[in-house]
Amino acid sequence: MAFSSRFVRSKAVLSFLRPCRQLHSTPKSTADVTVISPVKGRRRLPTWWSSSLLPLAIAASATSFAYLNLSHPSISESSALDSRDITIGGKDSTEAVVKGEYKEVPKELITQLKTILEDNLTTDYDERYFHGKPQNSFHKAVNVPDVVVFPRSEEEVSKILKSCNEYKVPIVPYGGATSIEGHTLAPKGGVCIDMSLMKRVKALHVDDMDVVVEPGIGWLELNEYLEEYGLFFPLDPGPGASIGGMCATRCSGSLAVRYGTMRDNVISLKVVLPNGDVVKTASRARKSAAGYDLTRLMIGSEGTLGVITEITLRLQKIPQHSVVAVCNFPTVKDAADVAIATMMSGIQVSRVELLDEVQIRAINMANGKNLTEAPTLMFEFIGTEAYTREQTQIVQQIASKHNGSDFMFAEEPEAKKELWKIRKEALWACYAMAPGHEAMITDVCVPLSHLAELISISKKELDASSLLCTVIAHAGDGNFHTCIMFDPSNEDQRREAERLNHFMVHSALSMDGTCTGEHGVGTGKMKYLEKELGIEALQTMKRIKKTLDPNDIMNPGKLIPPHLYLWSTFKYKTADASNCIRLLVSKW
């Protein structure tokens, strides 16, 4: 690995510096480092000669160190990644287990936590293992939490964080456990803070169309509560997702094309910072220009800045009428072109979902259906009965111009529910089609005009692979997923899954897209952030993290790429080397 070998060389040259922390990667053997052996019979140089050149030698070494520090290739570069044995975990790694430095939790902290929580705490291994292994993710960690706590109030959360910060013990927030990027892994052990007991609806303001909830409530539970008031919360990620986790990962879902993402539907938050302080990010007003937008800072922070304890959400009226339509196409490009044309027409669709023929086949096998196994678009139109039917007819005409066939629509509640159930259970259909396999799920998103191109080149690569791969897209906003099924015990299959994921991410980035449209970064997407955002943006994120969480206890090993910490260490050591040179030269 070029980065590792340069690191080894720089350590050898500048051995007088304090050793820096190792990145969790496998170092190359010394065979990769050029060693000049002493030549027998070489004439010994006078001591005055060597001592006079010492400052120059140090200066040259420091210059080399600085060059290596500033010019090392980013570990997000595709050309470099393919040939490296990166072992810090995630999709871009050849080792799926995320490593971390383990430090035993002090008994004094356990005693404090028991005082705070009474019986709502466990050190049972099965419970700790369950919380340390994401339910829908192939990511794993070398460690599991040392203790799992179940707070019942914001006050308890504040006390927990304050105690953990005092002992510098890691904290991993835990919601519905539906994330797929390793967000709830505990690579350093520590305390898992399960928010499932905090699930109250604290206040509903029907006239203002907003609701105040605790983080543990699920979006499905919330909508059941709101239904009798004629309201609903419009984001619909996977079943089981909690509102707190949805905020933390900045999720969206199939309705985002109409209502926006979590970023657009949260009015304000209350967050407990690592030191125990409770921060209210905004008022309940629908708009405000008062200071920094702390709400948006916390949304998508993935538990790395604090623990969300209260959320004020924007609500919507339940639509008067809706129509669900389905249409088949000969290719995924034809389907994607229709999705783009529909959005360009100005029609206010609430959902546009694309499933390829492999995904339809999986659904047929898993659910005993007899759907046409072809690339398929699913639409939803909402409004008055007359309006929705008019929009349905317009889209049918658009589809017919792009080789669409078998256009059908449903208006009956049960028929519509059955159609969307097929879409929501797509992942489970993949597992049923490939028993004993795990799913590597991609989450790229591009500007809408590039969607057809990206899906087309990705589909070609997926079809050529030996692995079972399905395509599912939120086609209305340029976001698409692939479920790449692989046998976790087969190294070749895992590497092939990683290759396909890598191909799609870099294809999306080349189109000014993103590595993650809605699933978040976690551990699996960290390697791509520098290429997508640039080192300056990541340094800014790291400074924010350092300011709010100086002891790095909040969900360590997530979001901020580990090589950024190493880069900073190199930078400071270079500065130390420069100071040493100035001192030595002045003495000389």
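The name given to the protein chain in an unreviewed UniProt entry is D-lactate dehydrogenase (cytochrome), and the organism recorded there is Arabidopsis arenosa. Of the protein chain, the UniProt comment under Sequence similarities (unreviewed entry) reads exactly: "Belongs to the FAD-binding oxidoreductase/transferase type 4 family." Turning to the protein chain, the UniProt record has this under Cofactor (unreviewed entry): "FAD".

Asker: What exactly am I supposed to notice about the pattern of salt bridges here?
Answerer: Pairing is possible between side chains of opposite charge, provided their charged atoms come close. Inspection of every chain in the model, using the stated rule, returns 30 salt bridges. Across the salt bridge formed by Glu214 and Arg200, the nearest N and O atoms sit 3.2 Å from each other. On the criterion of sequence distance, the pair formed by Glu214 in the loop between strand 8 (210–213) and helix 7 (219–226) and Arg200 in the loop between strand 6 (191–194) and strand 7 (201–205) is long-range, its members being 14 residues apart. A relative accessible area of 4% means that Glu214 is categorised as buried. Linking Lys459 and Asp356 is a salt bridge whose minimum nitrogen-to-oxygen distance equals 2.7 Å. Residue Lys459 is located in helix 17 (residues 451–464), and its partner Asp356 is located in the loop between strand 15 (349–355) and helix 13 (357–367); the two are separated by 103 residues in the primary sequence. The class of Lys459 is buried, set by a relative accessible area of 7%.

Asker: What am I meant to see in the nonpolar core here?
Answerer: Grouped burial of nonpolar side chains is what soluble globular proteins tend to show. In this structure, Leu354, Leu377, Phe379, Phe381, Ile455, Phe480 and Ile484 are the most contacted members of the largest nonpolar core, which totals 55 residues. With residues near it in sequence (within four places) discarded, Leu354 still touches Val332, Ala335, Ala336, Thr376, Leu377, Ile455, Val471, Ile472, Ala473 and Ala475. By size, the runner-up hydrophobic cluster in this structure holds 26 residues, among which are Val211, Val213, Leu305 and Ile308.

Asker: Just to check I follow, could you spell out the packing of helix 13 against helix 16 (residues 426–433) for this structure?
Answerer: Packed helices, taken two at a time, are described by the angle their axes make and the gap between the axes. Close contact between helix 13 and helix 16 brings their axes to 8 Å; oriented N to C, the two are set at 75°. The angle between helix 13 and helix 16 falls in the class roughly perpendicular. Residues Val358, Gln359, Arg361, Ala362, Ile363, Met365 and Ala366 of helix 13 touch helix 16, and the partners they reach there are Ala426, Ala429, Cys430, Ala432 and Met433. For the contact of helix 13 with helix 16, the per-class residue count stands at 10 nonpolar, 1 polar and 1 charged.

Asker: It is not clear to me how the sheet that holds strand 7 should be interpreted in this structure. Could you clarify?
Answerer: Within a sheet, adjacent strands bond to each other through the backbone by hydrogen bonds, running parallel or antiparallel. The strand order 7-8-12-10-11 describes an open sheet built from 5 strands, whose pairing is antiparallel. Edge positions in the sheet fall to strand 7 and strand 11 (278–280), since each has one partner strand and no second. Shown here is a sheet whose adjacent strand axes are inclined to one another by a mean of 10°, direction ignored. The pairing of strand 10 (residues 266–272) with strand 12 (residues 307–314) spans 6 bridges and is antiparallel. By the bridge assignment, Val271 is partnered in strand 12 with Ile308. Running at roughly 50° to strand 10, helix 6 (residues 154–167) makes contact with strand 10, strand 11 and strand 12 of the sheet. Across the face of the sheet, helix 7 comes into contact with strand 7, strand 8 and strand 12 while running at roughly 45° to strand 7.

Reading the values: the criteria
- Residues numbered from 1 in each chain as written.
- Predicted model: local features only at pLDDT ≥ 70, side-chain atom pairs only at ≥ 80, totals over all residues.
- Heavy atoms only, no water.
- UniProt positions renumbered as here; feature names shortened; annotations may be inferred.
- Salt bridge = Lys/Arg side-chain N within 4 Å of Asp/Glu carboxyl O.
- Helix = DSSP H or I, 4+ residues; strand = E, 2+ residues; numbered from the N terminus.
- Buried < 20%, exposed > 50% of the residue type's maximum accessible area, 1.4 Å probe, protein only.
- Core = buried A, V, L, I, M, F, W, Y, C linked by side-chain atoms within 4.5 Å.
- Contact = heavy atoms within 4.5 Å.
- Axes fitted to C-alpha atoms, helices over the stretch in contact; angles between N-to-C directions.
- Parallel < 35°, antiparallel > 145°, perpendicular 65-115°, else oblique.
- Nonpolar A, V, L, I, M, F, W, Y, C, P; charged D, E, K, R; others polar.
- Pairing = 2+ DSSP bridges.

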